[in-house]
Amino acid sequence: MSNILEEDTRGRSLDNEHWSEVLVQAMPYFKQWVGKTVVVKYGGNAMLNEELKAAVMKDIVLLSTIGIKVVLVHGGGPEINKMLQRVGKESKFINGLRYTDGETMDIVEMVLTGKLNKDIVRILLQEGGRAVGLSGVDSGLLTAKKIEKDGVDLGFVGEVVEVHPEIVNSLLNGNFIPVISTVAMGEKGDNSLYNINADTAAAKIAVALKAEKFVQLTNVPGILTNVDDPSTLLARIPMANVPKLIEDGTIAGGMIPKVECCMIALNGGVPRTHIIDGRVSHSLLIEMFSDRGIGTMIY
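Everything in this summary refers to the structure shown in the same document. The shown structure was predicted, so the numbers you read here are calculated from the model rather than taken from an experiment.

What to know about the overall build of the protein
- In terms of regular secondary structure, the protein is built from 11 helices and 14 strands.
- Taking 19 Å as the expected radius of gyration for a compact globule of 299 residues, we find that the protein reaches 19 Å, a close match to that expectation.
- Based on the C-alpha atoms only, the size of the protein along its principal axes is roughly 60 × 45 × 40 Å.
- Here the protein holds 299 residues, and the buried ones make up 47% of them.
- Counting every atom, the protein has about 14,000 Å² of accessible surface; 50% of that belongs to carbon and sulfur.
- The centroid of the 30 positive side-chain charges in the protein is displaced by 3 Å from the centroid of its 36 negative side-chain charges.

Examining the environment of Thr-250
- In this fold, Thr-250 is placed in the loop between helix H9 (242-247) and helix H10 (255-267).
- Looking at Thr-250, its side chain comes within polar contact range of the side chain of Asp-248, at 2.7 Å.

Details of the packing of helix H4 (residues 50-65) against helix H6 (residues 102-126)
- Remark: H4 packs on H6, axes separated minimally by 9 Å, with the N-to-C direction vectors making an angle of 60°. Classified by the angle between their axes, H4 and H6 sit oblique to one another. In the crossing of H4 with H6, the sense of the turn from one axis to the other is right-handed. From H4, Lys-53, Met-57, Ile-60 and Val-61 reach across to H6, where they touch Ile-120, Ile-123 and Leu-124.
- Residue composition of the contact of H4 with H6, grouped by class: six nonpolar, no polar and one charged.

Let's talk about the state of the cysteines
- Summed over all chains, the structure comprises zero disulfides.
- With no disulfide of its own, Cys-261 has Cys-262 as its nearest cysteine by sulfur position, at a separation of 7.2 Å.

Some thoughts on the side chain of Lys-89
- Relative to the helices and strands, Lys-89 is located in the loop between helix H5 (77-86) and strand E3 (93-94).
- A polar contact of 3.4 Å, which involves the side chain of Lys-89, links it to the side chain of Glu-103.
- Residues within four places of Lys-89 in sequence aside, it is in contact with Leu-84, Asp-101, Glu-103 and Thr-104.

Let's talk about the sheet that holds strand E10 (residues 193-196)
- One closed barrel holds the four strands; their spatial order is E6-E7-E10-E9, and the pairing between them is mixed. Strand-to-strand, the axes of this sheet are offset by a mean angle of 65°, without reference to chain direction.
- Here strand E9 (residues 183-186) runs beside E10; their pairing, made up of three bridges, is antiparallel. Residue pairing for E10: Met-185 is matched across the bridge by Leu-193.
- Across the sheet, helix H8 (residues 198-208) touches strand E6 (142-149), strand E7 (152-163) and E10, and the angle it forms with E7 is around 15°.

Side note on the pattern of salt bridges
- With the rule as written, the count across this model stands at 13 salt bridges.
- A salt bridge links Glu-50 to Lys-53; the shortest N-O distance between them is 3.5 Å. A residue pair is termed a helical-turn pair when its members lie 3 or 4 positions apart in one helix, as Glu-50 and Lys-53 do in helix H4 at three residues.
- The closest approach of N and O atoms between Lys-145 and Glu-159, which form a salt bridge, is 3.8 Å. Here Glu-159 lies in strand E7 and Lys-145 lies in strand E6, a separation of 14 residues in the sequence.
- The class of Lys-145 is partly exposed, set by a relative accessible area of 36%.
- Its relative accessible area of 33% is what places Glu-159 among the partly exposed residues.
- Overlapping salt bridges bring together Lys-41, Asp-199 and Lys-258 as one network.

What to know about unusual backbone geometry
- Positive phi, normally seen in glycine, also occurs at Lys-210, with a value near 55°.
- For Lys-210, a relative accessible area of 69% puts it in the exposed group.
- Of note, His-282 is a non-glycine position whose phi angle comes to about 60°, a positive value.
- What makes His-282 buried here is its relative accessible area of 15%.

A short note on the pairing of E7
- Across seven bridges, E6 lies against E7 in antiparallel orientation. In the strand pairing of E7, Lys-149 is matched with Val-152.
- Taking the residues between adjacent antiparallel strands as the criterion, E6 and E7 are bridged by two residues, where Asp-150 takes a positive phi near 55°.
- Sheet topology note: the E7/E10 ladder contains two bridges and is parallel. By the bridge assignment for E10, Gly-158 is matched with Ile-196.

Parameters at a glance
- Residues numbered from 1 in each chain as written.
- Predicted model: local features only at pLDDT ≥ 70, side-chain atom pairs only at ≥ 80, totals over all residues.
- Heavy atoms only, no water.
- Helix = DSSP H or I, 4+ residues; strand = E, 2+ residues; numbered from the N terminus.
- Rg over C-alpha atoms; globule rule 2.2 N^0.38 Å.
- Buried < 20%, exposed > 50% of the residue type's maximum accessible area, 1.4 Å probe, protein only.
- Areas by Shrake-Rupley, 256 points an atom, 1.4 Å probe, with all protein chains shown as cover.
- Lys, Arg positive; Asp, Glu negative; His and termini not counted.
- Charge placed at Lys NZ, Arg CZ, Asp CG, Glu CD.
- Polar contact = N/O pair within 3.5 Å; in protein donor to acceptor, adjacent residues only side chain to side chain.
- Axes fitted to C-alpha atoms, helices over the stretch in contact; angles between N-to-C directions.
- Parallel < 35°, antiparallel > 145°, perpendicular 65-115°, else oblique.
- Left-handed = near helix turned anticlockwise from the far one by under 90°.
- Contact = heavy atoms within 4.5 Å.
- Nonpolar A, V, L, I, M, F, W, Y, C, P; charged D, E, K, R; others polar.
- Disulfide = S-S within 2.5 Å.
- Pairing = 2+ DSSP bridges.
- Salt bridge = Lys/Arg side-chain N within 4 Å of Asp/Glu carboxyl O.

What follows is the structure, given as structure tokens:
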């Protein structure tokens, strides 16, 4: 842990006095979170940048090592795009959702469950963690139904209708880190597989696990009143204020679905939800173990 925290945010070495302050500040949080479940949605730039990826994995292994039950749910849009391009197939999006025909669904499953999921598990193992890869199909973890957006057929794109978390709880109780890719099986009588939005799936998994925290690692500092000025970050937002912030345009564009996922988790009983900057090295540790926190908490 020392090599993670022994420098401040400007890269300067901490002297003994400041190092002890960091530890003293972190200790109550260690005690607060031991034994609790935290669901982390992982994707975006933090997944593409190898240095940031290593930092995220170190964070997760540390959390697990001290007794926090961490569940990692991942997407993989950029990697899917690369594979589609490699096979000469155009990526097509409708209203922000990937059109997923049968061939695309095969590639989605291959990339998410076959490549990315196992890459993440491998890195966690190399960092000293105990990780197991799952997809939404394993043990019937996620059941989905086909969705249409504004009457448009999106192919094999689904929304989660049921979460059966028994396999995840079993792994957590065995001190493993479940790593979940969001491919889901159809409802009874539907033998199809479905491509699921990872943010939404992660929120519903957090609800099913009765998690204490739901964290989305993103490519932005959090919710800003001025998107061009990081100093306008809203660090804490009561969920009752969210509709007004959407109405006045403070929460807009791609941030809306992120916040909607926070609302799914909050309405399902998760006490704290966070949108934090995955581009900041060890942002997860800063959020979990410091008074300063990072990003935006909606509660």
